[in-house]
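A closer look at the structure
Residue strings, one per chain:
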Amino acid sequence: MANKEVDDWNAKLYDDKHAFVSKYGKAIIQLLAPKQGEQILDLGCGTGDLAYNLYEQGVTIIGVDKSEKMIQQAQLKYPSIKFIVRDVLDLTYSNTFDAVFSNATLHWVKQPQQALRALYSSLKPGGRFVAEFGGKGNVKTITDEIIRQIHQLEIPYSPENFPWYFPSIGEYTSLMEEAGFSVVYAEWIDRPTPLDGDNGLRNWISQFSSSLLDSTTELVKEELITRVETTLKGTLYQNGKWVADYKRLRVTGYKN
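Residues numbered from 1 in each chain as written. Predicted model: local features only at pLDDT ≥ 70, side-chain atom pairs only at ≥ 80, totals over all residues. Heavy atoms only, no water.

Section: the overall build of the protein
Our working rule: Each helix corresponds to a stretch of at least 4 residues labelled H or I by DSSP, and each strand to a stretch of at least 2 residues labelled E; elements are numbered beginning at the N terminus. Note on method: radius of gyration uses C-alpha positions; expected globular size equals 2.2 Å times residues raised to 0.38. Think of it in three bands: residues with accessible area under 20% of the maximum for their type are buried, residues over 50% are exposed, and the middle band is partly exposed, with areas taken using a 1.4 Å probe on protein chains only.
Check the secondary structure of the protein and you find nine helices and ten strands. For a compact globule of 256 residues, the expected C-alpha radius of gyration is about 18 Å, and the protein comes in at 18 Å, within 12% of that figure. Along the longest, intermediate and shortest principal axes, the C-alpha atoms of the protein span 50 × 40 × 35 Å. Relative to its 256 residues, the protein shows a buried fraction of 54%.

Here it is as structure tokens:
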């Protein structure tokens, strides 16, 4: 789910090959425990599947995502739901929602303090913020190898180009408290995640790591992806499937 500077998301690939993002998000909906009639903001709604799940439970839902392509796909699939193209850093809601829900989005936000302040402001007093996203060590095997191959192929790179923010429990819950939240739950989860098909790792890199490779040619991208696949096959290819080394952070906090 999207929060990137350039809208290079492929909404069709996302729906076709990365449906696991929404599938795992259903566990977060259980943590959210939505009540009929609540006003809920789905932050980083992607192509809208989890927003629709909430809508079916009688929630008044607004889905926001930074990617216009994702929002177009969501609106096409679920025309009865309100979807808006919006960066979390540009949210202007005040005391509006009973809950803010977010799945697989906040690891794209490299300004967490600013994001948390905006989310806190969006909530009604007593409202809750429930989220899951990449935590410390998330996909480290994959990203370390991508960066190693970037250096090998002499593709321009600096640490600022790393597109993600993968915090520890301590780091993120401290930021939540600084923003005003009372943190009632936080968990770091080791969740190896099967990718779809023989091209699972290739599709993952194409969908989620494309910004690391924007400065090079398609030919060099292809060589890098092939090298990463070759190097990691002995580690991450298990029982005929690629398995990504996901580590997730789940949190719940209330607005005082």
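Back to the write-up after that little detour.
Comments concerning the pattern of salt bridges
Stated formally: Here a salt bridge means any side-chain nitrogen of Lys or Arg lying within 4 Å of a carboxyl oxygen belonging to Asp or Glu.
Counted according to the given criterion, the structure contains 14 salt bridges. K77 is paired through a salt bridge with D49; the nearest N and O atoms lie 2.8 Å apart. Within this pair, whereas K77 is found in helix α4 (residues 68–77), its partner D49 is found in helix α3 (residues 49–56), the two being separated by 28 residues in sequence. Look at K77 and you get partly exposed, because its relative accessible area is 30%. Under the relative-accessibility criterion, D49 is labelled partly exposed at 26%. The partner of K66 in a salt bridge is D87, with the nearest N and O atoms 3.3 Å apart.

Section: the sheet that holds strand β5 (residues 123–134)
So the rule is basically this: Here, a strand pair is defined by DSSP locating no fewer than two bridges between the strands. An axis is simply a line fitted to the C-alpha atoms; with a helix, the fit covers only the stretch in contact. Between two such axes, the angle follows the N-to-C directions and lies from 0 to 180 degrees. Note on definitions: a residue-residue contact is assigned when non-hydrogen atoms from the two residues lie within 4.5 Å.
Read from one edge of the open sheet, seven strands run β3-β2-β1-β4-β5-β10-β6, paired in mixed fashion. Every other strand in the sheet has two partners, leaving β3 (82–85) and β6 (181–190) as the edge strands with one partner each. Recorded for the sheet is a direction-independent mean angle of 15 degrees between the axes of neighbouring strands. Pairing between strand β4 (residues 97–103) and β5: six bridges, direction parallel. Each bridged residue has a counterpart across the sheet, and for A99 the counterpart in β5 is R128. The sheet contacts of α4 involve β2 (60–65) and β3, and relative to β3 the element is tilted by about 165 degrees. Contacting β5, β6 and β10 (247–255), helix α7 (residues 169–179) crosses the sheet at an angle of about 160 degrees to β6.

Focus on the packing of aromatic side chains
Here is the rule we go by: Centre distance within 6.5 Å is the pairing criterion for rings of Phe, Tyr and Trp, where only the six-membered ring of Trp is used; planes under 30 degrees apart are then read as stacked, over 60 as edge-to-face, and the remainder as tilted. In this scheme, the term charge over a ring applies when either NZ of a lysine or CZ of an arginine sits within 6 Å of the ring centre and within 35 degrees of the ring normal.
Taken as a whole and judged by the stated rule, the model has 14 aromatic pairs. Between Y165 and Y172, the ring centres sit 6.4 Å apart and the planes meet at 50 degrees, which makes this aromatic pair tilted. Here Y165 and Y172 have matching classes, each one buried. Judged by centre distance (5.5 Å) and plane angle (55 degrees), the rings of W204 and F208 are tilted. Placement of the pair is W204 and F208 together in helix α8 (residues 200–208), with a separation of four residues, close to one helical turn. Grouping residues by exposure puts W204 and F208 together as buried. Cluster of aromatic residues (ring-pair linked, three or more members): W108, F162, W164, F166, W204 and F208. Over the ring of Y237 we find K233; its NZ or CZ atom is 4.6 Å from the centre of that ring.

Here's the deal with helix α9 (residues 218–236)
Which entries qualify depends on this criterion: Bend angle per residue: angle between axes fitted to the 7 residues ending at that residue and the 7 residues starting there.
By the largest-angle criterion, T230 marks the main kink of α9, which is about 30 degrees. For α9, the set of buried residues is K221, L224, I225, V228, E229, L232 and L236. Elements that come into contact with the buried residues of α9 comprise α6 (140–152), α8, β8 (237–238) and β9 (241–244).

So, the nonpolar core
The condition that has to hold: Nonpolar core, defined: a set of buried Ala, Val, Leu, Ile, Met, Phe, Trp, Tyr and Cys residues in which side-chain atoms within 4.5 Å join the residues together.
Among the nonpolar cores identified, the biggest contains 29 residues, and F129 and Y172 are the most heavily contacted of them. Elements supplying a minimum of two residues to this core: β1 (39–43), β2, β4, α5 (112–122), β5, α7 and β10. Looking at this core, the element that brings in the most residues is α5, giving five residues. Setting aside chain neighbours within four positions, we find F129 in contact with V100, L106, L116, L119, L123, Y172, M176, F181, V251, T252 and G253. Among the nonpolar cores identified, the runner-up in size contains 25 residues, and I146, W204, I205 and Y246 belong to it.

Observations regarding the sheet that holds strand β7 (residues 193–194)
Across the sheet, three strands lie side by side as β7-β9-β8; this open sheet has antiparallel pairing. Of all strands in the sheet, those with a lone pairing partner are β7 and β8, marking the two edges.

Some details on the pairing of β2
Under the convention used in this document: When the strands point away from the viewer and the path from the first strand over the helix to the second turns clockwise, the crossover is right-handed.
The element β2 is extensively covered by neighbouring structure, given that five of its six residues are classed as buried. Here five bridges tie β1 to β2, and the two strands are oriented parallel to one another. For Q39, the partnering residue across the bridge sits in β2 and is T60. Of the crossover connections in this fold, the one passing from β1 over α3 to the parallel β2 is right-handed. Looking at chain direction, β2 and β3 are connected through four bridges and run parallel. In the sheet register, I62 faces β3, and the bridge partner there is K82. The handedness of the β2 to β3 crossover, carried by α4, is right-handed.

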